[in-house]
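Working through the structure, step by step
Listed below are the residues making up each chain.
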Amino acid sequence: MSTADIKIRVDKVSKVFGNRVDDAMRALSDGADKAEVLKKTGCVVGLRDIDFSINQGETFVIMGLSGSGKSTLIRHFNRLIEPTAGQIVVDGRDIMRMNSRELLEFRRTGVSMVFQRFGLLPHQNVLDNTICGLLLQGIDRRVAVDRGMEQLELVGLKGFEEKYPRQLSGGMQQRVGLARALSTRADILLMDEAFSALDPLIKSDMQEQLLDIQARLKKTIIFITHDLDEALHLGDRIAILKDGELRQVGTGEEILFKPADDYVERFVRKVDLSRALFVHEAVKNVPVLSSAEATAERMAGLLDRNAYVVVASGPSATVVTKDGPREGSPAARIEASAPIGQCFPLLAGSETLVVETGGIPVGVLTREMAFRALARLAPAAA
Ligand SMILES: Nc1ncnc2c1ncn2[C@@H]1O[C@H](COP(=O)(O)OP(=O)(O)OP(=O)(O)O)[C@@H](O)[C@H]1O
Ligand SMILES: [Mg+2]
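Residues numbered from 1 in each chain as written. Chains lettered and ligands numbered in written order. Predicted model: local features only at pLDDT ≥ 70, side-chain atom pairs only at ≥ 80, totals over all residues.

Description of the domain arrangement of the protein chain
Accessible area lost upon the coming together of the parts is a frequently used measure of interface size. Condition: For the domain bounds, the source is a domain assignment made automatically or taken from a database. Each residue is represented by a C-beta atom placed from its backbone, and any two residues with such atoms within 7 Å are regarded as in contact. Put simply, DSSP marks the helices as runs of H or I at least four residues long and the strands as runs of E at least two long, and each gets a number from the N terminus on.
According to the domain assignment, the protein chain consists of domain 1 (53-110 + 186-268) and domain 2 (279-381). Averaged C-alpha coordinates put domain 1 and domain 2 at centres separated by 35 Å. Listed as interface residues are twelve residues of domain 1 and, on the opposing side, nine residues of domain 2. In terms of residue count, the dominant contributor to the side of domain 1 that touches domain 2 is helix α10 (residues 252-257) (four residues).

With respect to the nonpolar core
This is how it is decided: Nonpolar cores are identified as sets of buried Ala, Val, Leu, Ile, Met, Phe, Trp, Tyr and Cys residues joined via C-beta atoms within 7 Å. Think of it as a crowd count around each C-beta: if 20 or more other C-beta atoms lie within 10 Å the residue is buried, if 12 or fewer it is exposed, and in between it is partly exposed, with C-beta placed from the backbone throughout.
Residues I62, L190, M191, I222, V310, L365 and A370 are the most contacted members of the largest nonpolar core, which totals 88 residues. Here this core gets five residues from one element, more than from any other, and that element is helix α7 (residues 170-183). Beyond its immediate stretch of four places on either side in the chain, L190 contacts I74, F77, N78, V111, M113 and I222. Residues A24, A27, V37 and C43 belong to the second largest nonpolar core, which totals seven residues.

Here we look at the site of ligand 1
The condition that has to hold: We count a residue as near a molecule or strand when its backbone-placed C-beta atom lies within 6 Å of that partner. For this classification, the nonpolar set comprises Ala, Val, Leu, Ile, Met, Phe, Trp, Tyr, Cys and Pro, the charged set comprises Asp, Glu, Lys and Arg, and every other residue, Gly included, is treated as polar.
Taken together, the residues surrounding ligand 1 are F17, V44, G46, G64, S66, G67, S68, G69, K70, S71 and T72. The set of elements that each furnish at least two residues to the shell around ligand 1 consists of β2 (44-55) and α3 (70-76). Here the shell around ligand 1 takes three residues from α3, the largest share from any one element. The class makeup of the residues in the shell around ligand 1 is two nonpolar, eight polar and one charged.

Details of the pairing of strand β13 (residues 309-313)
Applied cut-off: Strands are labelled as partners when DSSP assigns at least two bridges between them. Here, the term right-handed applies to a crossover whose path from the first strand over the helix to the second runs clockwise when the strands point away from the viewer.
Counting buried positions over the five residues of β13 gives four, a clear majority of the element. As paired strands, strand β12 (residues 288-290) and β13 are joined by three bridges and run parallel to one another. In the strand pairing of β13, V288 is matched with V310. Each parallel crossover has a hand, and for β12 linked through helix α13 (residues 296-305) to β13 it is right-handed. In this structure, β13 lies alongside strand β14 (residues 316-321), joined through five bridges in antiparallel fashion. Bridge pairing in β14 places V310 opposite V319.

Focus: the sheet that holds β12
Sheet strands pair by backbone hydrogen bonding; their relative direction is either parallel or antiparallel. Overall, mixed pairing links the four strands, which are arranged β12-β13-β14-β15 in an open sheet. Either end of the sheet is taken by a strand with one partner, and the two such strands are β12 and β15 (324-325).

Considering the sheet that holds β2
Where we set the bar: Note on geometry: axes are C-alpha line fits, over the in-contact stretch for helices, and angles between N-to-C directions span 0 to 180 degrees.
Spatial ordering of the open sheet is given by β2-β1-β4-β5, a layout of four strands whose pairing is antiparallel. Each edge of the open sheet carries a strand with a single partner, namely β2 and β5 (93-94). The strands that helix α1 (residues 21-29) touches are β1 (6-17), β2 and β4 (85-90); relative to β1, the one it contacts most, it runs at about 110°.

Here we look at the packing of α7 against helix α8 (residues 200-217)
The cut-off we apply is this: Any angle from 65 to 115 degrees is called roughly perpendicular, while one under 35 is roughly parallel, one over 145 is roughly antiparallel, and all others are oblique. Two helices that cross are described as forming a left-handed crossing if the nearer one is turned anticlockwise from the farther one by less than a right angle, and a right-handed crossing if clockwise.
One can describe the packing of α7 onto α8 by two numbers: an axis separation of 9 Å at closest approach and a directional angle of 30°. Relative to α8, the element α7 lies roughly parallel. Crossing angle aside, the handedness with which α7 passes α8 is right-handed. Residues G170, G171 and Q174 of α7 touch α8, and the partners they reach there are I202, D205 and M206.

Describing the environment of L303
Looking at where L303 falls in the secondary structure, it is placed in helix α13. The spatial distance from the C-alpha of L303 to the C-alpha of T321 is 6.8 Å, given a sequence separation of 18 residues. Residues contacting L303, with those up to four places away along its chain left out, are V309 and K322.

Section: α1
Which entries qualify depends on this criterion: The directions from the helix axis to the C-beta atoms are what the arc is built from.
Listing the buried residues of α1 in full gives A24, A27 and L28. Angularly, the buried residues of α1 cover 100° about the axis, an arc narrow enough to put them on a single face. Facing away from the buried side of α1 by over 90 degrees, the exposed positions are D22 and S29. With its phi angle positive at about 100°, G31 sits one or two positions after the end of α1.

Thoughts on unusual backbone geometry
The backbone phi angle of E193 is positive, close to 55°, even though this residue is not glycine. Summarising the element assignment, E193 is placed in the loop between β7 (188-192) and α8. Of note in the backbone geometry, D243 takes a positive phi value of approximately 45° without being a glycine. Inspection of the secondary structure puts D243 in the loop between β9 (237-242) and β10 (245-250). The partly exposed category is assigned to D243, around which 18 C-beta atoms lie within 10 Å.

Quick look at the structure:
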């Protein structure tokens, strides 16, 4: 990745809340953890030594349990919170060095925020809510109205300009929130649990809409969520925070299949299976031979037409490709009727699983197939 593609660089950022910040920072560098720092100094560690970059045009998701530092981190990007140590660089500029005029300009036109509770003004109609930021910038009302109408159309609210927030559903109110954020044409969108207050169907509509808008506008979006399915659906990459520390940054596939530690793995296990995705929906059926049938000639013929062949001998089965037996053979096995979540720990250890029904091998499941099946839950991302 060239530096030209980096939109935001977070460079060894730590944030400590409290009165004895210097003592707390010293304790941190001596290796104390969040709980010890609190005990010793009374300070709360919000973030510790956070280091990563967000690319231009990327949807970057931040996940972690309550109190892990997600909101603290996202608020650094518009300097609502200032770091105790470290640097935030946006478009090559250290935002801590902006003077108050530059900061004001940056907040008006460089970043915008979509709030969890929508944050609409109840006594203003949809259009006025959408353009309030533009009017504050001193933009001519006619120009602002044109831009606002454009954004309302983009979020599917054309015709609702004159309505008031109370006349709209939660999903529609959040569309206004989104239109308002887009109206400033800021490159960076900050979304802190923006869809968490919506009920599941509306939430899923909003996700589709965001993907659609993002495909057209290519903003840099930082999106906080508690919901792993939402993260996998929306995120180009996902960062996982624990107690203010960054545990892993990676694509959905990396997070699912190469969890950096137990904490990340526990997150992964929470993939929502309520939508009932089972191994058989992801699996590819392939030819299965007994070891006696697997002559070189027969194998060569089958491998000409199939990417995988399974050779089963008693309780063990080997996945063979054109390049020979797959790593991790004999392969771990999983029942076709198992929920897809059960495959993650197994696929973390080997690239390919043998899928069986009633103990008889029928096909293979690779990391890629499992991931694609999950992504199909999210058609726009597939
Ligand atoms: N202004 C503040 N003063 C003192 N401590 C704070 C302040 N803001 C956040 N914290 C602490 O920093 C830590 C991270 O909080 P933060 O709000 O970033 O968590 P979060 O991951 O967004 O949680 P949630 O999922 O509940 O929104 C917590 O321990 C919190 O108590
Ligand atoms: Mg929060």
